[in-house]
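Chain by chain, the residues:
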Amino acid sequence: MTDATNKTEAANKMAEYRIDPDAGLEIGMYTLGDHLPDPHTGERVSAGERVREFVAYAKAAEQAGFDVFSLGESHQEFFASQAHAVILGAIAQATEKIKIASSSTILSTSDPVRVYENFATLDLLTEGRAELVAGRASRVGLFELLGYDLRDYEELFEEKFDLLRQINREHVVNWSGQFRPALRNAEILPRPQNDSMPIWRAVGGAPASAVKAGMAGAPMVMAHLGGPVSAFQQTVDSYRAAAEQNGFDPASLPIATAGFLYVADTSQQALKELYPHVNEGMIRTNGQGMHKQLFAQSTDPRSIMNIGSPQQVIEKILYQHEKFGHQRFLGQIDFGGVPYDRVMRNIDVIGSEIIPAVKKYTARKKVSAE
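This text gives an overview of the structure that appears in the document. (Residues numbered from 1 in each chain as written. Predicted model: local features only at pLDDT ≥ 70, side-chain atom pairs only at ≥ 80, totals over all residues. Heavy atoms only, no water.)

### Considering the overall build of the protein chain
Helix and strand counts for the protein chain come out as 12 helices and 12 strands. Computed over the C-alpha atoms, the radius of gyration of the protein chain is 20 Å, within 12% of the 21 Å expected from 2.2 N^0.38 for a compact globule of 370 residues. Dimensions of the protein chain along its principal axes, counting C-alpha atoms only, are 60 × 55 × 40 Å. The buried share of the protein chain, reckoned over its 370 residues, is 55%. Put simply, of all contacts in the protein chain between residues at least 6 apart along the chain, 72% involve residues at least 24 apart. Distance between charge centroids for the protein chain: 2 Å, based on 37 positive and 46 negative side chains. (Helix = DSSP H or I, 4+ residues; strand = E, 2+ residues; numbered from the N terminus. Rg over C-alpha atoms; globule rule 2.2 N^0.38 Å. Buried < 20%, exposed > 50% of the residue type's maximum accessible area, 1.4 Å probe, protein only. Contact = heavy atoms within 4.5 Å. Lys, Arg positive; Asp, Glu negative; His and termini not counted. Charge placed at Lys NZ, Arg CZ, Asp CG, Glu CD.)

Here's what the structure looks like:
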């Protein structure tokens with residue numbers, strides 16, 4: 001088989017995940033759905049206003065030229081997106097072309113059948129714009145809340161993720177497992193717009209989880225907080241190696257990365273504005289803040305955190321693309337009670353300055369490489 005044939009087949013497979021390999025790196029926005037006070041004032045908006053902010057951000061991201069908007073779920077204090085599929089339904093009706101996704105759906109404590117029904121319906125509402133990112137949960141209070149044993153953390157996710165993907169492949173499902181009743185000749189309806197939809201696996205940056213994604217031939221969303229790009233290279237390499245060893249073409253499997261994205265006139269201004277929000281937000285939601293020295297290292301062009309002036313962020317994203325060869329970057333812009341107008345300012349600057357530059361370079365690079 002020729003290299004040209006291999007590239008064509010990989011491109012066709014990528015298209016199944018609604019990725020255009022010739023359009024350059026996709027840029028998206030994601031929010032965890034947090035509902036945190038502004039660390040400077042101690043005040044926070046109402047839950048209703050926060051939920052409406054998510055919809056407004058998605059509309060603004062679409063208008064600014066973002067490719068994707070994604071929303072996570074969490075079931076604890078300081079979050080407002082427990083019913084994230086409902087909010088994504090509102091976003092589906094408020095937008096026309098931007099892809100919408102979860103980031104992520106906590107599959108371990110959900111029924112894969114109901115999850116699939118919800119997201120297939122979203123896909124129909126959006127005429128083929130919905131995607132599902134399945135994750136295991138970094139905040140584990142929901143296990144007790146929803147009646148699951150935390151000791152089954154790994155087994156719950158692996159079994160349910162396999163079932164979810166089987167539902168996506170097969171019209172009639174026969175299945176049995178440990179954590180839900182068996183399915184016998186079950187037809188799961190509705191079906192998505194094109195009969196199946198992209199289902200990604202969320203990975204927290206550790207190679208072990210990435211290996212499992214690669215073994216299954218599942219597209220990977222690699223989340224990161226901070227550190228050098230080189231620290232995450234092993235995760236990407238392990239994912240592709242596992243995919244190849246299990247008979248999948250790594251070139252046909254998309255990779256997304258997800259982490260902080262914030263711009264200001266200078267890197268020092270960006271750090272000064274964002275750090276209090278990240279640090280206080282992490283203390284409230286995870287019990288431990290962000291080390292100030294680690295955060296300050298984001299000014300290094302080889303840092304995984306895309307924080308700085310527009311030109312600095314462009315250079316960082318391009319450096320990461322050079323190292324990872326990924327197809328999508330999702331930026332977390334609104335964490336920790338960042339004021340609404342500042343989030344909107346970031347969306348506007350990213351759309352007008354960063355996205356065009358990144359796409360121009362990565363699309364041109366793709367063409368020249370062929």
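### A closer look at the packing of helix α3 (residues 84-94) against helix α4 (residues 112-125)
Relative to each other, α3 and α4 sit at 5°, their axes nearing to 10 Å. With respect to their mutual orientation, α3 and α4 come out roughly parallel. Across the interface between the two elements, His-84, Ala-85, Leu-88, Gly-89, Ala-92 and Gln-93 from α3 touch Asn-118, Phe-119, Leu-122 and Leu-125 from α4. When the residues that make up the contact of α3 with α4 are grouped by side-chain class, the tally is 6 nonpolar, 4 polar and no charged. (Axes fitted to C-alpha atoms, helices over the stretch in contact; angles between N-to-C directions. Parallel < 35°, antiparallel > 145°, perpendicular 65-115°, else oblique. Nonpolar A, V, L, I, M, F, W, Y, C, P; charged D, E, K, R; others polar.)

### Some details on the pairing of strand β5 (residues 130-135)
The side chains of a regular strand alternate, first on one face of the sheet and then on the other. The buried count for β5 comes to 6 of 6 residues, which makes it a mostly enclosed element. The alternating pattern of β5 places Ala-130, Leu-132 and Ala-134 on one face and Glu-131, Val-133 and Gly-135 on the opposite face, and all of these are buried. Pairing analysis gives 2 bridges linking strand β3 (residues 99-102) to β5, with the strands arranged parallel. Looking at β5, one finds that Ile-100 is bridged to Ala-130. (Pairing = 2+ DSSP bridges.)

### Details of helix α8 (residues 230-245)
Along its 16 residues, α8 runs 23 Å from first to last C-alpha, staying within 8% of the 22 Å computed at 1.5 Å per residue. Turning to α8, its buried residues are Phe-232, Gln-233, Thr-235, Val-236, Ser-238, Tyr-239, Ala-242 and Ala-243. Here the buried face of α8 lies against β8 (199-203), α7 (207-216), β9 (220-223), β10 (255-263) and α11 (310-324). Just past α8, the residue Gly-247 takes up positive phi, approximately 85°. (Expected span 1.5 Å × (residues − 1).)

### What about the pattern of salt bridges?
If you walk through the whole model with that rule in mind, you get 19 salt bridges. One salt bridge in this structure joins Arg-136 and Glu-154, with 2.9 Å as the shortest N-O distance. Taken together, the residues Arg-136 in the loop between β5 and α5 (141-145) and Glu-154 in helix α6 (residues 153-169) connect sequence positions 18 residues apart. Here Arg-136 falls in the buried class, since its relative accessible area comes to 18%. Residue Arg-345 is joined to Glu-273 by a salt bridge in which the shortest nitrogen-to-oxygen separation is 3.1 Å. Separated by 72 residues along the polypeptide, Arg-345 in helix α12 (residues 340-369) and Glu-273 in helix α9 (residues 267-286) bring together distant segments of the chain. Residue Glu-273 is classed as buried on the basis of its relative accessible area of 16%. Residues joined in a network through salt bridges with shared partners are Arg-136, Glu-154, Glu-158, Arg-201 and Lys-212. (Salt bridge = Lys/Arg side-chain N within 4 Å of Asp/Glu carboxyl O.)

Taken by themselves, the reported measurements are silent on function.
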